[in-house]
Structures are given as structure tokens and as C-alpha cells.
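A closer look at the structure
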Amino acid sequence: MPEPDCRLYLITPPALPDLPGFAEDLARALDAGDVAALQLRLKGAPDDVVLRAAAALIPVAQARGVVVLMNDRMDLAKKAGCDGVHLGQGDGDPVAARKLLGAEAMIGVTCHASRHLAMEAGEAGADYVAFGAFFPTGTKETVHQAEPEILEWWSEMFEIPCVAIGGITAANCPPLVQAGADFLAVVGAVWNHPEGPAAGVRAMNAAIASA
Ligand SMILES: Cc1ncc(COP(=O)(O)OP(=O)(O)O)c(N)n1
Ligand SMILES: Cc1nc(C(=O)O)sc1CCOP(=O)(O)O
Ligand SMILES: [Mg+2]
């Protein structure tokens, strides 16, 4: 099947108290539909916990053609054998990440709601720029609010893909898809879906396809 223009980018819940159980949930979620990428985002977890999670989850994702990015930490991305890293504005330099992880690595950069940050990230060699938060979210305290116009502007001006993030659900995502988001990054819409994560992936895929 051809890949859709806009794809789902899944981020792990902030903590994984039952790693074997989560690995099974992840496999079921990825088997339920189209997911382009998985980000390991275990905020505040010790390095050994993150590396153990990576060792359990990377094979599940990669076996299904899903690329795996480490959040925040280019050093752990390298150690764990991730396909790339997602860097926030305080998480390190994309140029240094490229040097460490190599030409094939996927490097994403948080740009909040800033055209300037996005152009800077593009010049630094980012493989995607991420804008958000588009909607209120219970996953993280956010201070920046983005509007769909920034996706429209970016996708008209630049070839580098853009990711939309923050409170995105099947119900509210159509304007982001229509504005040109290449990826929708979600936590709650999948992991907190009332019928389970597989249903969450199916709902997001259906909403993207009909947007
Ligand atoms: C795809 C994607 N976009 C944005 C973020 C946020 O990154 P950051 O601002 O560094 O915040 P934390 O995620 O580290 O709390 C992201 N993780 N992924
Ligand atoms: C990790 C993250 N970064 C954001 C940003 O705005 O940069 S919003 C966010 C949380 C995304 O989780 P959910 O899909 O549950 O809202
Ligand atoms: Mg970060």
C-alpha cells in the first residue's frame, strides 16, 4: 500500500513500569495500522532504565519498519542503537548529533511556534522540525502554543518534513493534516485510548486518511 502523506509518530508514555507488558502493547499497536516512528521518551528515568527499555522496544519497532528515536539524549541514542534522536532547544546541538550518529541518522528538533527556530534547525541539518503545542495536553506542561498556519507556511517554503505535536487526537487533527503536517506526534491519543492502543492507532489512521 502507498504511504499516506501524513503519518503517525508515536511517543512512549513518560514511564513504563511494566516493560514486558508494554512491549506487547506496542507490538499490538504497531500491528494495528500505519506508524512511521516511535520516540522513547522516558523523562527523568535513569540511564540504565532507558537503555533496558530501548533494548526491549527497538526490536519490536524495527521488525515492523518503524524507526526509533531517543528523546533528549544523543549519547543514549548512540549507545542503544536508535535510528535517531529528538532534540529540544536545550537538549544539544543538531550538528553535534549528526557528527555522533552519522549521516543516516534521523535528527528532529523542537521548534515550538517559531519560524526562526525552524529555519535554524533546518540549516543545522535537522531531518524534521516539530511545532507545538497545538492543543492543551495532560502529558506535559507546555508554554508555547502553535497554530496550523505555521505548518502551512513551513510546508510551502521548505522540503524538510514538519511534525505537529501537543494534545492531538483523532477528533482535532484534521486541520493539522490539511495545513501540511507530515507527521502527527501523539502520546495520549494512542496510549490513553478508551479501547486500547491498537484502537488508538486505528482511530488516528482513519482520521488522517479522511482529513
Ligand atoms: C516530535 C516531538 N516534538 C517535540 C517534542 C518536545 O521536545 P522538548 O521540547 O525537548 O520536550 P521534552 O519532550 O524533552 O519534554 C518531542 N519530544 N517530540
Ligand atoms: C512531548 C510533548 N512536546 C510537546 C511540545 O509542545 O513540544 S507537547 C508534548 C506532549 C504530547 O503528548 P500528547 O499527545 O499526549 O499531548
Ligand atoms: Mg527534550
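Residues numbered from 1 in each chain as written. Chains lettered and ligands numbered in written order. Predicted model: local features only at pLDDT ≥ 70, side-chain atom pairs only at ≥ 80, totals over all residues. Heavy atoms only, no water.

What about the UniProt feature "domain: Thiamine phosphate synthase/TenI" (unreviewed entry) in the chain?
Here, the residues flagged by UniProt with the feature "domain: Thiamine phosphate synthase/TenI" (unreviewed entry) are residues 8-190. Between the C-alpha atoms that bound residues 8-190 the distance is 10 Å, and the span itself is 39% helix and 19% strand. (UniProt positions renumbered as here; feature names shortened; annotations may be inferred. Helix = DSSP H or I, 4+ residues; strand = E, 2+ residues; numbered from the N terminus.)

Some thoughts on the UniProt feature "binding site: 4-amino-2-methyl-5-(diphosphooxymethyl)pyrimidine" (unreviewed entry) in the chain
Feature annotation in UniProt assigns "binding site: 4-amino-2-methyl-5-(diphosphooxymethyl)pyrimidine" (unreviewed entry) to the following positions: Gln-39, Leu-40, Arg-41, Leu-42, Lys-43, Asn-71, Thr-110 and Lys-140. Ignoring sequence-local partners within four residues, the contact set of Lys-43 consists of Pro-14, Asn-71 and Asp-72. Along the chain, the position of Asn-71 falls in strand β3 (residues 67-71). Contacts of Asn-71, omitting those with residues within four sequence positions, involve Gln-39, Leu-40, Arg-41, Lys-43 and His-86. (Contact = heavy atoms within 4.5 Å.)

Quick look at unusual backbone geometry
Look at the link from Gly-132 to Ala-133: it is a cis peptide, with omega at 5°. By the secondary structure assignment, Ala-133 is in the loop between β6 (128-132) and α6 (148-157). Even without glycine at this site, Asp-72 takes up a positive phi of about 75°. Considering the arrangement of structural elements, one finds Asp-72 in the loop between β3 and α3 (74-80).

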